[in-house]
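Listed below are the residues making up each chain.
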Amino acid sequence: MAKNRYRQIEQIEAKENTGSYGAWRRGFCGQYRELLIQSRHNSYKALVKTLTSKGERITCRKGCTYCCFHYVAVPLAHGMVIVDYLHNKKESLKQFIHNYEKWHHKGYDISNIIDHTRIQAFSSSMPIHDIIAVTRPLSMRYLETNIPCPFLVNNSCLIYAVRPFPCSGQYSVSPPDWCSPATTEHAVIHQLVPDDGDLLQILQLADPQLMLYEVTLPIMIYKLLTEGASSIIASLYFENRTNPRPNG
Ligand code: SF4
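Residues numbered from 1 in each chain as written. Predicted model: local features only at pLDDT ≥ 70, side-chain atom pairs only at ≥ 80, totals over all residues.

*Asks:* Provide a residue-level description of the nonpolar core, including the pertinent values.
*Replies:* One finds Met80 and Ile221 to be the most contacted residues of the largest nonpolar core, which totals 40 residues. For this core, the secondary-structure elements that each account for two or more residues are α1 (2-16), α2 (19-53), β1 (73-75), α3 (76-87), α4 (90-123), α9 (217-227) and α10 (229-240). Setting aside residues no more than four positions away along its own chain, isoleucine 221 makes contact with Gly79, Ile82, Val83 and Phe96. (Core = buried A, V, L, I, M, F, W, Y, C linked by C-beta atoms within 7 Å. Buried ≥ 20, exposed ≤ 12 C-beta atoms within 10 Å, placed from the backbone. Helix = DSSP H or I, 4+ residues; strand = E, 2+ residues; numbered from the N terminus. Contact = placed C-beta atoms within 7 Å.)

Right, dumping it as structure tokens:
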């Protein structure tokens, strides 16, 4: 079973590297990854500067994994970058596939409900605070499943360098245990705010279709590994009846 799955992933990887689409995909993933790292670096430096001026410091530490039990969504553009990274780290890819099957058992159904609710809410132009009010109880239900992210192995993230924005965009300044769902304390969390210039570069690189299609991280990655991005992109552009090739 696992052998067949890896063979299928290898076939999709070969397809994703073929011809002008393959060249475009590789170039896109390389540029997006660089911008991602640059944007994180700049916004992290800015956050540390602000916190230091207020006498606060970040308390997040390696091995602290409370965040990795939360619902995390990722846009198609970022999912493609993660898959590109995994294709160059086959051991991590295998660990993800192994963990995904366990995750699927407890996490798939609730994630699917959250994804559909979010898609409906965004497409109806619901105000952002109403979207949060609708999705927050569902995210709490996800947290109650107590299922770790399939990328979490030995308390470390397999894709740390290219982890999604929700994973890298929040920092605690309160005691780490305050992030535990078991505590009644309220963690004090600060968000990273991307530099306007960095954000603009990312938005200029990635076509809006690649940023707006967003689903649960494990579902997105598994789908990209087993079906490829080209078929998802084609269906998005077909539905919207626009140019089938994003950014050239
Ligand atoms: S991608 Fe990494 S940092 Fe994000 S939830 Fe998964 S294991 Fe944690």
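*Asks:* Explain the packing of α4 against helix α5 (residues 128-144) to me, and be specific about the residues and the numbers.
*Replies:* For the pair α4 and α5, the least separation of the axes is 10 Å and the interaxial angle reads 175 degrees. By the criterion of interaxial angle, the relationship of α4 to α5 is roughly antiparallel. Two secondary-structure elements touch here, α4 through Ile110, Ser111, Ile113, Ile114, Thr117, Arg118 and Ala121 and α5 through Ile131, Val134, Thr135, Leu138, Ser139, Arg141 and Tyr142. When the residues that make up the contact of α4 with α5 are grouped by side-chain class, the tally is eight nonpolar, four polar and two charged. (Axes fitted to C-alpha atoms, helices over the stretch in contact; angles between N-to-C directions. Parallel < 35°, antiparallel > 145°, perpendicular 65-115°, else oblique. Nonpolar A, V, L, I, M, F, W, Y, C, P; charged D, E, K, R; others polar.)

*Asks:* How would you explain the confidence of the model for the protein if you had to name every residue and give the values?
*Replies:* For the protein, the mean per-residue pLDDT works out to 91, and 96% of the residues sit at or above 70. Taken element by element, the predicted model of the protein shows its lowest mean pLDDT in α10 (83) and its highest in strand β2 (residues 152-153) (98). (pLDDT = per-residue confidence, 0-100.)

*Asks:* Could you give me a rundown of the packing of α3 against α9, with the residues and numbers involved?
*Replies:* Interaxial distance between α3 and α9 falls to 9 Å at its minimum, and their mutual angle equals 60 degrees. One finds that α3 runs oblique with respect to α9. Read as a crossing pair, α3 and α9 show a hand that is right-handed. Together, Gly79, Met80, Ile82 and Val83 of α3 and Met220, Ile221, Leu224 and Leu225 of α9 make up the contact between the two elements. In the contact of α3 with α9, the residues fall into seven nonpolar, one polar and no charged. (Left-handed = near helix turned anticlockwise from the far one by under 90°.)

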